[in-house]
Amino acid sequence: MSFGGTVKLTGESEYRRALSQITQGLKEVGAQMKLTSATYDKNDKSVAALSARSKDLTEKLELQKKRVEVLQNKYADMSAQYEKNKKRNEELTASYEDEKKKLSEIETNLGKTSKEYQDQEKAVKALETEMKKSTQENLANEKALSNLRVTLTNAQADYKKTERALNDTNKELAESSSDVKQTGKDFGGSSNDVKNFGKDI
């Protein structure tokens, strides 16, 4: 599995493995960010400090992006599968209602003691069992999809938070680098002034 481009999953085990790898990667980045925080004071706006923070945030953002992609793909797959299950449940329910009506008609015309009634009753009970099982699975699917939607939304929020932090850090880094260059120019100008002053004496 490669995280070089868009993440594509082919099964549950691959999905779990992908999330596990990303989670481990985020733990490693988190440890590196702690080291960076310990190395530089939180108010340190030097190029070195801001560069280190930018590097950490860039790695974190990339991993969070992959996590969002994995969750989005999983959500799409689950939604498609659960939609099929929901449709099947609706068909089973409709079929069950039709067969119950037939059972009622047989009871009216032939009575409960007739073989036709007993056969139809067995068919209705079997269909009822299948329908109830399908309904329970459908409810479980809806809950699982809802939980995944929450996880995905939280992952997207984390990504946006890191993205904003990275943009702010890079802005500060650009300003700090510009200040350093300007200071270098000013220092160079002062040196020339000193040299010229020596010549003028």
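Residues numbered from 1 in each chain as written. Predicted model: local features only at pLDDT ≥ 70, side-chain atom pairs only at ≥ 80, totals over all residues. Heavy atoms only, no water.

**Focus on the overall build of the protein**
Turning to step 1, where the next piece is worked out: Looking only at helices and strands, the protein has three helices and zero strands in total.
Turning to step 2, where the next piece is worked out: Helices and strands appear in the protein in the N-to-C order α-α-α.
Turning to step 3, where the next piece is worked out: Taking all 201 residues of the protein together, the buried fraction comes to 28%.
Turning to step 4, where the next piece is worked out: Excluding contacts between residues fewer than 6 apart, the proportion of contacts in the protein whose partners are at least 24 apart in sequence is 77%.
Turning to step 5, where the next piece is worked out: Surface summary for the protein: the accessible area is close to 13,800 Å², and the carbon and sulfur share equals 51%. (Helix = DSSP H or I, 4+ residues; strand = E, 2+ residues; numbered from the N terminus. Buried < 20%, exposed > 50% of the residue type's maximum accessible area, 1.4 Å probe, protein only. Contact = heavy atoms within 4.5 Å. Areas by Shrake-Rupley, 256 points an atom, 1.4 Å probe, with all protein chains shown as cover.)

**Some points on helix α2 (residues 47–110)**
Turning to step 1, where the next piece is worked out: Here α2 contains 64 residues, and its C-alpha end-to-end distance of 92 Å stays within 8% of the 94 Å for a straight helix at 1.5 Å per residue.
Turning to step 2, where the next piece is worked out: Of the residues one or two after α2, G111 is the one with positive phi, at around 90 degrees. (Expected span 1.5 Å × (residues − 1).)

**Considerations on the pattern of salt bridges**
Turning to step 1, where the next piece is worked out: Taken as a whole and assessed by the stated rule, the structure comprises 13 salt bridges.
Turning to step 2, where the next piece is worked out: As a salt-bridge pair, K66 and E62 come within 3.8 Å of each other at their nearest N and O atoms. In this pair, K66 and E62 are both assigned in helix α2, four residues apart and thus about one turn of the helix distant.
Turning to step 3, where the next piece is worked out: Among the residues examined, K66 registers a relative accessible area of 4% and is labelled buried.
Turning to step 4, where the next piece is worked out: Its salt-bridge partner being E128, residue K132 comes within 3.5 Å of it at the nearest N-O pair. Taken as a pair, K132 and E128 lie in helix α3 (residues 115–200) at a separation of four residues, close to a single helical turn.
Turning to step 5, where the next piece is worked out: A relative accessible area of 24% places E128 in the partly exposed class.
Turning to step 6, where the next piece is worked out: Each of E12, R16 and K74 takes part in salt bridges that share partners, so that together they form one network. (Salt bridge = Lys/Arg side-chain N within 4 Å of Asp/Glu carboxyl O.)

**Notes on the side chain of S134**
Turning to step 1, where the next piece is worked out: With respect to the helices, strands and loops of the structure, S134 is situated in helix α3.
Turning to step 2, where the next piece is worked out: On the basis of relative accessible area, S134 is assigned to the buried category, the value being 6%.
Turning to step 3, where the next piece is worked out: Aside from chain neighbours lying at most four places away, what touches S134 is N85, R88, N89 and L92.

**Focus on the environment of E130**
Turning to step 1, where the next piece is worked out: Mapped onto the fold, E130 is located in helix α3.
Turning to step 2, where the next piece is worked out: The contact partners of E130, leaving out residues within four places of it in the chain, are R88 and L92.
Turning to step 3, where the next piece is worked out: Within the structure, the side chain of E130 is placed 2.8 Å from the side chain of R88, a separation counted as a polar contact. (Polar contact = N/O pair within 3.5 Å; in protein donor to acceptor, adjacent residues only side chain to side chain.)

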